[in-house]
Amino acid sequence: MVRDLALANGKKIYLFSWLNWSIYLLGYFPGRIGKLVNKAFGNLIYMKNKDVTK
C-alpha cells in the first residue's frame, strides 16, 4: 500500500525487508528503547468500554 501511494504521487520509495526484523527485535529490548519501539510500532489498542450507562 505504501509503495502504491508513493507511485501514485510520483515519489521514489525504498523498502527494506531487514528493517522489519530490526524493529521486531528492538521491541524486546528491556527498558526505554523497547517501550518506545512498542509504542511507535506496536499493535496495542484501546478497547472501548462495553458497559453503556443509560
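Residues numbered from 1 in each chain as written. Predicted model: local features only at pLDDT ≥ 70, side-chain atom pairs only at ≥ 80, totals over all residues. Heavy atoms only, no water.

Considering the overall build of the chain
Inclusion rule: By definition, any uninterrupted DSSP run of H or I lasting at least four residues is a helix, any uninterrupted run of E lasting at least two residues is a strand, and each is numbered from the N terminus. We get accessible surface area from the Shrake-Rupley algorithm with a probe of 1.4 Å; when it comes to residues, only the shown protein chains can shield them.
Regarding its fold elements, the chain presents three helices and zero strands. Counting from the amino terminus, helix and strand elements in the chain follow one another as α-α-α. When the accessible surface of the chain is summed, it comes to about 6000 Å², and 63% of that surface belongs to carbon and sulfur atoms.

As for the UniProt feature "transmembrane region" (unreviewed entry) in the chain
What counts here: UniProt positions are given in the numbering used here, feature names are shortened, and annotations may be inferred rather than shown by experiment.
Here the UniProt feature "transmembrane region" (unreviewed entry) sits at residues 12–29. Between the end C-alpha atoms of residues 12–29 the distance is 32 Å, and the span holds 56% helix and 0% strand.

Details of a nonpolar patch on the surface
For clarity, the cut-off: By definition, no residue in a patch forms a salt bridge, and every one has over 30% relative accessible area; like charges are joined within 9 Å, nonpolar side chains (Val, Leu, Ile, Met, Phe, Trp, Tyr) within 5 Å. In what follows, salt bridge is the name for a side-chain nitrogen of Lys or Arg lying within 4 Å of a carboxyl oxygen of Asp or Glu. Accessibility here uses a 1.4 Å probe with only protein chains present; expressed as a share of the type maximum, an area under 20% marks a residue as buried, one over 50% as exposed, and anything in between as partly exposed.
Nonpolar side chains collect at one region of the surface, where Y14, F16, W18 and L19 lie side by side and expose about 510 Å² of accessible area between them. The topology assignment puts W18 in helix α2 (residues 17–26). Residue classification places W18 among the exposed residues on the basis of a relative accessible area of 55%.

Remarks on the confidence of the model for the chain
We count it as follows: In predicted models, pLDDT denotes the confidence assigned by the predictor to each residue on a 0 to 100 scale.
Here the chain averages 81 in pLDDT, and 78% of its residues register 70 or above. Taken element by element, the chain is modelled with least confidence in α2, mean pLDDT 83, and with most confidence in helix α1 (residues 2–8), mean pLDDT 89.

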